[in-house]
Amino acid sequence: MYEAAQLLKHQIKQCKGISIYPGSVNDIDQATAKNVVTGDLYLFLRWLITNDGVDVDAESDCSNDSDERKVLCLTQDVIHCTSHGRVNLGLVMSVHHLTGSKQCPFSILWAYCSCYSEIETVDTALARESLAKSECDGTVIPSNITPDTFIQFAADNNDINEETLDGKDTTHATTLVVYQQKPFGPMPRKEVLANHTKKKRSLTKVNSCDEILEC
């Protein structure tokens, strides 16, 4: 048992994580998660959780998709615990964005998630990448939209509580939705436009397109 643990620990030290400067929506799928974990650790936990036989390999998935997610989650937890890191970035960012509170997500998830300073650097990296893309393309294109591919737009009014006598507590807005079919073949390689060599917690320069000029 000790020798097996040391072997797995040695393999874990060779793991290379996913770059989060900047983060990408394409990095949170199961295929990407499986590519960064070690095969032996994955198989060990798979045999422990599922009823799969000894003939399976690390390239195949569990017959049950729920078991596959459990195995990958535990594998990532073991890797981060072994490297003495904090595992979850997406969870604490979601709670932070939903609540707008600095204290709430970190008081609950402090032992399991990234620290507040790291969340700020990731948010700033995303903002800097969006600014760099807007300067390159002339507009802001979401990361899950592929340029030079056919897209469709749908817009409609979004009225809430509009049937009132005084017009108070009403909402009148327009919602715009962008549709695009997934391109056939491999996804284009992610291109990083901004300079992320230095981790910054805030933007230090206003975009030249947004400068306010004197009258």
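Here, the structure is the one placed above.
As the structure is a prediction and not an experimental result, all values here were calculated from the model. (Residues numbered from 1 in each chain as written. Predicted model: local features only at pLDDT ≥ 70, side-chain atom pairs only at ≥ 80, totals over all residues. Heavy atoms only, no water.)

Caption draft 1: The arrangement of the overall build of the protein in detail. Secondary structure summary: the protein contains seven helices and two strands in total. Per-residue burial over the protein gives 22% buried out of 215 residues. Sequence separation of 24 or more characterises 59% of the internal contacts of the protein that already satisfy a separation of 6 or more. With the model as given, the accessible surface of the protein reaches about 15,900 Å², and the carbon-plus-sulfur share is 54%. (Helix = DSSP H or I, 4+ residues; strand = E, 2+ residues; numbered from the N terminus. Buried < 20%, exposed > 50% of the residue type's maximum accessible area, 1.4 Å probe, protein only. Contact = heavy atoms within 4.5 Å. Areas by Shrake-Rupley, 256 points an atom, 1.4 Å probe, with all protein chains shown as cover.)

Caption draft 2: Looking closely at the nonpolar core. Judged by nonpolar contacts, L8, I12, V37, L41, Y42, L43, L45, C62, V71, L72 and I79 together constitute the single largest core of eleven residues. Where this core is concerned, the elements lending two or more residues are α1 (2–13), α3 (39–49) and α4 (65–82). Counting residues per element, this core draws most heavily on α3, at four residues. (Core = buried A, V, L, I, M, F, W, Y, C linked by side-chain atoms within 4.5 Å.)

Caption draft 3: The packing of α3 against α4, seen in detail. At a minimum axis separation of 9 Å, α3 and α4 run at an interaxial angle of 130 degrees. Here α3 lies oblique to α4, going by the angle between them. Here α3 runs over α4; the crossing is right-handed. Contact residues: L41, Y42, L45, R46 and I49 in α3; E68, V71, L72, L74, T75, V78 and I79 in α4. (Axes fitted to C-alpha atoms, helices over the stretch in contact; angles between N-to-C directions. Parallel < 35°, antiparallel > 145°, perpendicular 65-115°, else oblique. Left-handed = near helix turned anticlockwise from the far one by under 90°.)

Caption draft 4: Representation of the pattern of salt bridges. Scanning the entire structure with this criterion turns up two salt bridges. Two residues, D65 and R69, come together in a salt bridge whose shortest N-O distance is 2.5 Å. Highlighted residues: D65 and R69, both in helix α4, separated by four residues, approximately one helical turn. With relative accessibility at 41%, the residue D65 sits in the partly exposed group. (Salt bridge = Lys/Arg side-chain N within 4 Å of Asp/Glu carboxyl O.)

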